Amino acid sequence: MFDRLDDLLIRYEELLEELNSPDVAMDQNRFRKLMKEQADLTPLVDAYKEYKKANQDVEDSLALLEEESDEEMRDMAKEELADAKKRIEEMEQQLKILLLPKDPNDDKNVMVEIRAGAGGDEAALFASELYRMYVHFAESNRWKTELVSVNENGIGGFKEVVFMVTGQGAYSKMKYESGVHRVQRVPETESGGRIHTSTASVAVMPEAEEFDVVIDDKDIRIDVMRASGNGGQCVNTTDSAVRLTHMPTGIVIYSQTEKSQLQNKEKAFRLLRSKLYDMELEKRQNQEAEERRSQIGTGDRSEKIRTYNFPQGRVTEHRIKLTLYKIDSVMNGELNELIDSLIAADQAAKLAKMGEN
């Protein structure tokens, strides 16, 4: 591990030299690439320097204990020695986590698709609440959200909604939301006060760049039509809505949220690329089934991952058996405690797997 860290430290110094070179400054593509590599290495380099400093502090404290006879100075040295040893342990763990293979998609934007499942209108209402939850979560992370398509049920619920989240590290956190979300509560339409269980499925896909997925024009059928909906901005009098059909897979994308046909077409193609890229990722992950099962958050989309129980005010994350009694704040987009716990569990599983190898 330390040989590798020493190599990375050398590479980091080389990067700093290259970035100061006038030739690099004139080549914007190369400059951006080197800046990204430097940004990726900085947390690792900082942690390694802190680790080395703690080791030096241990040596200095031991040397002081050998030379010093004054009891007060010896006590101080012993205290510093204990602190430094504790810091070494903490930094070793942090370095192991920082050295874990990084998901190449972590820095990508995401496409999120929420579909109402079992439960009729109540499931559609829950789907719309999940959408608002993610919009608030995105805002708290300073990410932007953009609707791609929405299919409403007429009473404020969404049968299906697709939206994009744009921002640094969006996929690294949002990927843990893929799966079936279950709600338990008394619907407003229920006169008898009985608790109903409804579901909605969430699919989080990394946004694919044009070079990630090549789409053959011959494989696409494009239909344009007038946007439809329950009134308001979704309805207009021009043929601005776009439907893409990808013949080889049968995937159909419908986009109508923009007034311009060109913008709807661009959104539809972005979603199609992401869906095709996600299918390829899933195929690859299925081939590595054992590794996939060991990771939190990359499981089967049919897996029930979370239950929102309104009468008891609790949210239960089934993958890591975590229950929080703060349903209002979670539904308001405060997901960091849940997602940070999932990330920690994921890292622990990967570290354990590395230890076995």
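Residues numbered from 1 in each chain as written. Predicted model: local features only at pLDDT ≥ 70, side-chain atom pairs only at ≥ 80, totals over all residues. Heavy atoms only, no water.

**Student:** In this structure, what is going on with the pairing of strand 3 (residues 158-166)? I would like to understand it.
**Tutor:** Looking along a regular strand, one sees the side chains alternate between the two faces of the sheet. Where strand 1 (residues 110-116) and strand 3 come together, 6 bridges link them in antiparallel fashion. Bridged to Val-112 within strand 3 is Phe-163. As judged from the 8 bridges shared by strand 2 (residues 144-152) and strand 3, these two strands associate in the antiparallel manner. By the bridge assignment for strand 3, Glu-146 is matched with Met-164. Joining the antiparallel neighbours strand 2 and strand 3 is a turn of 5 residues, in which Gly-154 adopts a positive phi near 95 degrees. (Pairing = 2+ DSSP bridges. Helix = DSSP H or I, 4+ residues; strand = E, 2+ residues; numbered from the N terminus.)

**Student:** Explain the nonpolar core to me, please; I cannot follow it from the model alone.
**Tutor:** Val-112, Ile-114, Leu-130, Tyr-134 and Tyr-308 are the most contacted members of the largest nonpolar core, which totals 36 residues. At 9 residues, helix 5 (residues 120-140) tops the list of elements feeding residues into this core. Look past the residues within four positions of Tyr-308 in its chain and what remains in contact with it is Phe-126, Leu-130, Met-133, His-181, Arg-182, Val-183, Gln-184, Arg-314, Val-315, Ile-327, Val-330 and Met-331. Leu-8, Leu-41, Tyr-48 and Leu-95 belong to the second largest nonpolar core, which has 24 residues in total. (Core = buried A, V, L, I, M, F, W, Y, C linked by side-chain atoms within 4.5 Å. Buried < 20%, exposed > 50% of the residue type's maximum accessible area, 1.4 Å probe, protein only. Contact = heavy atoms within 4.5 Å.)

**Student:** Just checking my understanding: could you explain unusual backbone geometry for this structure?
**Tutor:** Apart from glycine, the bulk of residues carry a negative phi angle, and the bulk of peptide bonds sit in the trans form. Its identity as a non-glycine residue notwithstanding, Arg-142 has a phi of 60 degrees, on the positive side. By the element assignment, Arg-142 lies in the loop between helix 5 and strand 2. Positive phi values are uncommon outside glycine, yet Lys-321 reaches one of about 55 degrees. You can see Lys-321 is positioned in the loop between strand 10 (314-317) and strand 11 (322-324). What makes Lys-321 exposed here is its relative accessible area of 75%.

**Student:** Looking at this structure, how should I read helix 5?
**Tutor:** In an α-helix, one turn spans 3.6 residues; hence positions three or four apart end up facing the same way. When the terminal C-alpha atoms of helix 5 are compared, their 31 Å separation across 21 residues agrees well with the 30 Å that a helix rising 1.5 Å per residue should span. The positive-phi residue at the C-terminal boundary of helix 5 is Arg-142, with phi of around 60 degrees. (Expected span 1.5 Å × (residues − 1).)

**Student:** I'm lost on the packing of aromatic side chains in this one. Help?
**Tutor:** The geometry of an aromatic ring pair is captured by two quantities: the separation of the ring centres and the angle between the planes. Following the criterion strictly, the structure yields 5 aromatic pairs and no others. Consider the rings of Phe-126 and Tyr-308, whose centres lie 5.5 Å apart with planes at 65 degrees: the pair is edge-to-face. Within this pair, whereas Phe-126 is found in helix 5, its partner Tyr-308 is found in strand 9 (residues 304-309), the two being separated by 182 residues in sequence. The pair formed by Phe-126 and Tyr-308 is uniform in burial state, with each residue classed as buried. Within the aromatic cluster, the residues linked to one another by ring pairs are Tyr-131, Phe-158 and Phe-163. (Phe/Tyr/Trp six-rings, centres within 6.5 Å; stacked < 30°, edge-to-face > 60°.)

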